[in-house]
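The lines below spell out each chain.
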Amino acid sequence: MTDYGVEAPIAVIGGGLAGLSAALELVDAGRNVALFERRPFVGGKAYSFEDPKHEVILDNGQHITMRCCTEFQAFLERIGCADIVRYQDNLEVAVIDPDSRGHHVSVISSKQPSVLSRLGLQLLPAPLHMFPSMVTYEHLTLAEKTRLAFAFEPIRRMSELERLALDRLSFETWLLNHHQTERVIERFWDLIVLPTCNDHCSDVSATQAIQVFQEGFSRDTGAADIGLFTRGLGQVAHAALDRLRERGARVELNGNASAIVMHGGDAAAVRYGRGQQADVSAVVIALPPQAAFNLVPAAWRRREPFWRLSQHEVSPIINVHMQWDRRVMRRDFVAVLDPDAQFIFHRSQIHGWQTPPHWISVSLSGAHNLVDLPQQVIVERVERAVRRALRRTAGANLLATRVVKEAEATFRPTPGMNAHRVPARTSIRNLVLAGAWTATGWPATMESAVRSGRAAARALLERPVQSR
Ligand SMILES: Cc1cc2nc3c(=O)[nH]c(=O)nc-3n(C[C@H](O)[C@H](O)[C@H](O)COP(=O)(O)OP(=O)(O)OC[C@H]3O[C@@H](n4cnc5c(N)ncnc54)[C@H](O)[C@@H]3O)c2cc1C
């Protein structure tokens, strides 16, 4: 057994953002913490790796944050890493329709026209602040744009209880019931739902999608401003790890937790690594739902709330990192109305890498139809789509590619799933749950992970933790 000194530590199992956030909250409250992470590094679904062949640091997947992600921002400040994010002054998303003729870039923006500011009317309240850019959004007809109001207004007025009552309905059904058409869904609503909820409107519960629009567009004019990471995501994980160690936490990398030992109805010890065991005073399980379910002692798995963990499905994300011999895009990122391109990020520009070759990252959410294809097929499809979307690729050479498939990138917020997003507290007195998939109300984001970790830590801190 591992000897941790006088007070047995609180075990945090899982070194993703949920586990890191829980561990930080606990050490900052003066608790003895031991973090167990299966892999040799922390960060979970948000990590960087070095591509030695091309001497470049890449992320497993392009991540963005938004100003409404306030707890994630507070987490970055707490670990001294807030300067890694560069926010837009106003939300601005250039949307490319490769199939349209002529002027095929249109911008969705929260920027208000200067004529309004000259009249002192700069602050059109949310969601009206989006109105000027929607007037000029060219990928919808005027009639289609008018339809948007029939959905935005009920979303703005909807109470939390009304929203929660819609969980069994798909967002697509809700939109069709509110005068939206399939074309409007494809060319506007899916543009936002797919990257934020990691699935299409047809597969996402109305409750989840409406939460996104309420947080991002209905409350505060700056809420949806996008934040880009100017350095690799690994730096966030490193900074969190440094802070934990500074505060005396013990971190077991390569510390795969294989069992929780119970004693008198409480979690008493964690088995990990190669047959080691650590006595613990409490446990935070901060794992994806299926891994968490597998770790729950067998006798408890059929009970509330644990059986619900096994009900979760997952949704994939694929990132195709591409190295070009020249600059192929001007903006930091663009959205593309093409399922094989979706969002393209100019990694070299965002990271301030001035000289060629230029790296871009293509992020494909809800990639159910691509994830099982061979990498070469994915690359061919994505290259075709990128060349159609970005005119500057004419004559440019694609030098190298790196495909990262995250088959289990996020939980899937399908209709009816909200009931299976459980709160931190469980029927085991000293065992709590964390993870982006728990009952935070947010889709699978860094914000949700950080919120869940804090909620789990607080649930334990509210109860006296006894030494064993
Ligand atoms: C490609 C991609 C793009 C994304 N884009 C965005 C984005 O743009 N914006 C955004 O906000 N979010 C994005 N997300 C989602 C976000 O990254 C996740 O929601 C968040 O990181 C999940 O954190 P978590 O701690 O809940 O879970 P995880 O990150 O899954 O952490 C779980 C940890 O537990 C460890 N583990 C598993 N089993 C064991 C065990 N038995 N013992 C010990 N450790 C174990 C794992 O190794 C992992 O480190 C993206 C995710 C992916 C994959």
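Shown above is the structure to which this text applies.
What counts, and where the lines are drawn
- Positions within a chain are numbered from 1, following the residues in the order the chain's sequence is written.
- Thresholds applied to this predicted model are a pLDDT of at least 70 for local features of residues and 80 or more for the giving and counting of side-chain atom pairs; totals over whole chains, interfaces and linings are not thresholded and use all residues.
- Think of it this way: take the backbone, place a C-beta atom on it, and check whether that atom is within 6 Å of the molecule or strand, in which case the residue is near it.
- Put simply, DSSP H or I for four residues or longer makes a helix, DSSP E for two residues or longer makes a strand, and each gets a number counted from the N terminus.
- All amino acids are sorted into three groups, where Ala, Val, Leu, Ile, Met, Phe, Trp, Tyr, Cys and Pro are nonpolar, Asp, Glu, Lys and Arg are charged, and the leftover types, Gly among them, are polar.
- Annotation comment: domain bounds sourced from an automatic or database domain assignment.
- To get an axis, a line is fitted to the C-alpha atoms, and for a helix only the part in contact is used. The angle between two axes follows their N-to-C directions and goes from 0 to 180 degrees.
- Crossings are assigned a handedness: left-handed for a near helix turned anticlockwise from the far helix by less than a right angle, right-handed for a clockwise turn.
- Contact between two residues is assigned when their C-beta atoms, built from the backbone, lie within 7 Å.
- Three classes are used. A residue is buried when 20 or more other C-beta atoms lie within 10 Å of its own, exposed when 12 or fewer do, and partly exposed in between, with C-beta atoms placed from the backbone.
- Put simply, a nonpolar core is a cluster of buried Ala, Val, Leu, Ile, Met, Phe, Trp, Tyr and Cys residues tied together by C-beta atoms within 7 Å.
- Should DSSP find at least two bridges between two strands, the strands are regarded as paired.

Draft legend 1. Local environment of the site of the ligand. Close to the ligand lie 39 residues, the nearest being Gly14, Gly16, Gly44, Gly61 and Thr445. Among the elements of the structure, α1 (17-28), β5 (64-66), α11 (289-295), β15 (314-324), β19 (398-411) and α14 (446-461) are those that each provide at least two residues to the shell around the ligand. A total of four residues in the shell around the ligand trace back to one element, the largest contributor, which is α14. For the shell around the ligand, a count of residues per class yields 18 nonpolar, 15 polar and six charged. Looking at the shell around the ligand, you find at least three residues from each of domain 1 (10-46 + 233-311 + 416-461) and domain 2 (48-85 + 227-231 + 313-411).

Draft legend 2. How the structure looks around the packing of α1 against α14. Packing of α1 against α14 leaves a shortest axis separation of 7 Å and a crossing angle of 40°. Read as a crossing pair, α1 and α14 show a hand that is right-handed. Contacts between α1 and α14 involve Leu17, Ala18, Gly19, Leu20, Ser21, Ala22, Glu25 and Leu26 from the first element and Met446, Ala449, Val450, Ser452, Gly453, Arg454, Ala456, Ala457 and Arg458 from the second. Here the residues of the contact of α1 with α14 sort into ten nonpolar, four polar and three charged.

Draft legend 3. Expanded view of helix α9 (residues 206-218). The buried fraction of α9 amounts to twelve of the 13 residues, a majority that puts the element mostly inside the structure. Those residues of α9 that sit buried are Ala206, Thr207, Gln208, Ala209, Ile210, Gln211, Val212, Phe213, Glu215, Gly216, Phe217 and Ser218. Buried residues along α9 sit against β5, α5 (142-157), α6 (160-164), α7 (171-177) and α8 (182-197).

Draft legend 4. Molecular detail of the environment of glycine 16. Structurally, the position occupied by glycine 16 is in the loop between β1 (10-13) and α1. When the 26 C-beta atoms within 10 Å are taken as the criterion, glycine 16 is described as buried. Expressed as a C-alpha distance, the spacing of glycine 16 and cysteine 81, which sit 65 residues apart in the sequence, is 16 Å. If near-sequence neighbours (up to four positions away) are discounted, glycine 16 is found in contact with Gly43, Gly44, Lys45, Ala286 and Ala449.

Draft legend 5. Quick look at the nonpolar core. In terms of nonpolar packing, the biggest core is built from 131 residues, with Ile13, Ala23, Val270, Val283, Val284 and Ile344 touching the most fellow members. If near-sequence neighbours (up to four positions away) are discounted, valine 284 is found in contact with Ile10, Val12, Ile13, Gly19, Ala22, Val432, Ala434, Ala456 and Ala457.

Draft legend 6. Representation of the sheet that holds β5. With respect to topology, three strands assemble into an open sheet ordered β5-β9-β6, the strand pairing being antiparallel. Each of the sheet's edge strands pairs with one partner strand only, and the pair in question is β5 and β6 (85-87). Averaged over all pairs of adjacent strands, the angle between their axes in this sheet comes to 30°, without regard to strand direction. Of the pairings in the sheet, the one linking β5 to strand β9 (residues 226-229) comprises three bridges and is antiparallel in character. Of the residues in β9, the one forming a bridge with methionine 66 is isoleucine 226.

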